[in-house]
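# A closer look at the structure
Here is how the chains run, residue by residue.
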Amino acid sequence: MDETYSILLAGLKATEESLALQHFSQSGHRMATAENVFDALDKLQGQRIDLVYFQASADSETVGEVEKIRRRFPALPIVLACSRLTEGLMLDAWRAGATDIIFFPLAPHALDASLQRSARQIAARESEPALPMPARFFFLDETGKECRVNIFPPRFTMGRSHGNDLILGQPGVSRAHAEVLVNNGEYLLRDLNSKQGTYLNGMRVEQKKLTNGDKVQLGGLQGIALVFHAGDLLQSLLSGSDPRSEISLSLHGFREVGMLFAAFRALSSIPILDDLLALVVDTAIEITAAERGFIMLKETSGDLSFRCARNDKKCTLDGSVFQTSQRVPFDVFSTGQPIFIKDLDLGDEHVDHSATRRLGLRSISCVPLQYFTVHDSDYLSRTEHAETIGVLYVDSSNVGSGSSHTRVEALNTLATEAAMAIYNARLYKDSQDKRRMDQQLATAHEIQQALLPDPEKRLPYVHACSQNLPCHEVGGDYFDYFATAEKHFGFALGDVAGKGMSAALLASLIQGALSAQTLFDTPLPSMISNVNRILAQRGTGNRFVTFFFGTLDPDGNCTYINAGHNPPILLRPDGSMQELTVGGMVLGLFPDAEYEAGTVQLRPQDHLILFTDGVIEARNKADEEFGMDRLVSLLRDNARAAAPEILARLRDSVLAFASTAPQHDDITVMILGFQESQTGET
């Protein structure tokens, strides 16, 4: 088959998608992919597709999802891909609009045969006019993610039920809340007897015609907000102007484009970057009478990345198969200077454009996207610095008329305004990403603190007090209390190497593993060996855990294992001290490591002080460590104090020492008082 087509693979699993992509691409076909039916509808609306290979999300959804595609694209050939199909479902799929069926596993000869069968229908669609851009709603979902949804005729429904075109789970939204009826290009919003009502621009409505920029709220004035956009923004801006006419291309008209970008920047509640890029490319094609255009943007690595390609029919082009000049955009980006070539055949003889001419191109215009920042200077009140954030490129197979003075100025003006809008759109997206990350970290902090036990635990013979101060929202320090199988008091304190989210996740794994081990009457060395084996077999890489676990009975017999942790201190009322060092190596590195249990006898008024290295490694502004000497001195001065008082004085002393200096490690302390008197010495 000599013809090449634009083929969309929608919903296919990774293995099948990879095989089909490779096979069709080798034959020269233009390929695109979509994750599901909704993604497919979006791709179909934005670009010309000749044929769809479609796999439903589930067998039970096959008919409904095929109907969704057929309803909006009635002449589009749809090849249904599936592993098995009952006779009844096959008939239903045909009636829903599937034009062919192919079974897994996919094979090259089966793909070729299905494409051959679909060729006649593809040819029949060649004269089909391009569909107009539908209206859209922009909104933020429950996680704060920016979303948009196309409003397809004749009816678009919104509500909590899964049968709606737009499913919204926010509070106050009814199962069938509202609908938009589309007729002759007009969009009518109707409330469906919802409990909390439908609001348009702050007023409750039963039925109202929508206009561009309207704000729709479902479930009350505090409910989810959707911003309505209809029509071709570029065409409405340039209405009445003949884009091919030199007279109509005054700079004033394109300054209005800049005003439009300013309005986009103000709409901080909708996803604007993709729309900005498409609008910029469409405008550039319009003012230069080009056939194609694209934008490349600078990524954080400093490299250019292909972002948006369009043609003169305002359709999105597949960037993976977009062939164009490689030299021009990178030269413009590196030099910051525009390049205008009216005719490649008559270009600079010292510059080789032969590869570009072989693509059938004759004219090229490319301008830098530069964002100007203003700085104060000791010598000048204002200095400007131009940062190049990308390039705007258009080309044509015809000799260009886009290099006239008026059009060059118009393209440069467009690029300047677009660069500012894109720069600010990226800043907004970064701020939204940071806000979502902060929310997720705050939630993680709440969850981690909830997993820790109550800081204070009192039994007839022991009083335990602990405190955890992570240096970030979440941390890798961990403490816990247990009741062992012998009904003794168990206590643990650990410190995961590293900080932040990864350390917190490993700390949670330790908590679960240790909690499970304490349910059984297992010797202490075997218990810690089991925990170590679990961590090592999970493949935590270079992550390890320093750990201390002990048990205490009413007679003061304390059995413990120190797995590479800072030695806890046994503090006697007379100020004498003993370090608890018996145990073994850190947890999580070697699955066969062995551990030895130590014992110590506690007497009334004795205290055990457990701490992580964040205590002794806390630093002040002079970059001095708190250190063991200060810790030992503080404990000796408070040897007769009660457990809560020792904890408070140690915490306050460390924080006062560090003052406003930033800390780089989590701080956790546990104090155990054995048979304390009712009031300690204060």
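Now for a description of the structure that goes with this document. Please read all numbers here as calculations on a predicted model, not as lab measurements.

### As for the overall build of the protein chain
- Counting secondary structure elements, the protein chain contains 16 helices and 33 strands.
- Considering the protein chain as a whole, with its 682 residues, one finds that 49% of them fall into the buried category.
- For the protein chain, the share of sequence-separated contacts (at least 6 apart) that also reach a separation of at least 24 residues comes to 63%.
- As presented, the protein chain carries roughly 32,800 Å² of accessible surface, and 51% of it is formed by carbon and sulfur atoms.

### Observations regarding the sheet that holds strand β1 (residues 6-10)
- One open sheet holds the 5 strands; their spatial order is β2-β1-β3-β4-β5, and the pairing between them is parallel. Two strands lie at the open edges of the sheet, namely β2 (30-34) and β5 (100-103), each paired on one side alone. Looking at each pair of strands side by side, their axes are set apart by 20 degrees on average, direction ignored.
- Bridging between strand β3 (residues 51-54) and strand β4 (residues 78-82) involves 3 bridges; their strand directions are parallel. Bridged to Phe 54 within β4 is Leu 80.
- The strands touched by helix α3 (residues 62-72) within the sheet are β3 and β4, with β4 carrying the most contacts at an inclination of about 160 degrees.

### Quick notes on unusual backbone geometry
- Across the junction of Phe 104 and Pro 105, the peptide omega takes the value -5 degrees, indicating a cis bond.
- Along the polypeptide, Pro 105 turns up in the loop between β5 and α5 (108-124).
- Here Pro 153 and Pro 154 are connected by a cis peptide whose omega angle stands at 0 degrees.
- Looking at the element boundaries, Pro 154 is found in the loop between β7 (146-151) and β8 (155-159).
- Within the chain, Asn 193 stands out as a residue other than glycine whose phi angle is a positive 55 degrees.
- Relative to the assigned elements, Asn 193 resides in the loop between β11 (186-191) and β12 (198-200).
- According to the relative accessible area criterion, Asn 193 is exposed, its value standing at 74%.
- Its identity as a non-glycine residue notwithstanding, Ser 659 has a phi of 55 degrees, on the positive side.
- Structurally, Ser 659 can be placed in the loop between α16 (643-658) and β33 (667-674).

### Description of the sheet that holds β11
- Across the sheet, which stays open at both edges, the 5 strands sit in the order β9-β8-β10-β11-β14 with mixed pairing between neighbours. Both edges of this open sheet fall to β9 (166-167) and β14 (207-209), since each of them pairs with a single strand only.
- Pairing of β8 with β9, which is carried by 2 bridges, proceeds in the parallel orientation. The residue of β9 that forms the bridge with Gly 159 is Ile 167.

### A word on the packing of aromatic side chains
- For the structure shown, the criterion picks out 14 aromatic pairs.
- Where Tyr 478 meets Phe 547, the ring centres are 6.4 Å apart and the plane angle is 10 degrees; that geometry is what we call stacked. In this pair, Tyr 478 sits in strand β24 (residues 477-483) while Phe 547 sits in strand β26 (residues 545-552), placing the two residues 69 residues apart along the sequence. This pair shows no difference in class: Tyr 478 is buried, exactly as Phe 547 is.
- An angle of 35 degrees between the planes, with centres 5.8 Å apart, marks the rings of Tyr 481 and Phe 489 as tilted. One exposure class covers both Tyr 481 and Phe 489, and it is buried.
- Among the aromatic side chains, those forming a connected cluster through ring pairs are Phe 479, Tyr 481, Phe 489, Phe 491, Phe 548 and Tyr 560.

What counts, and at which threshold
Residues numbered from 1 in each chain as written. Predicted model: local features only at pLDDT ≥ 70, side-chain atom pairs only at ≥ 80, totals over all residues. Heavy atoms only, no water. Helix = DSSP H or I, 4+ residues; strand = E, 2+ residues; numbered from the N terminus. Buried < 20%, exposed > 50% of the residue type's maximum accessible area, 1.4 Å probe, protein only. Contact = heavy atoms within 4.5 Å. Areas by Shrake-Rupley, 256 points an atom, 1.4 Å probe, with all protein chains shown as cover. Pairing = 2+ DSSP bridges. Axes fitted to C-alpha atoms, helices over the stretch in contact; angles between N-to-C directions. Phe/Tyr/Trp six-rings, centres within 6.5 Å; stacked < 30°, edge-to-face > 60°.

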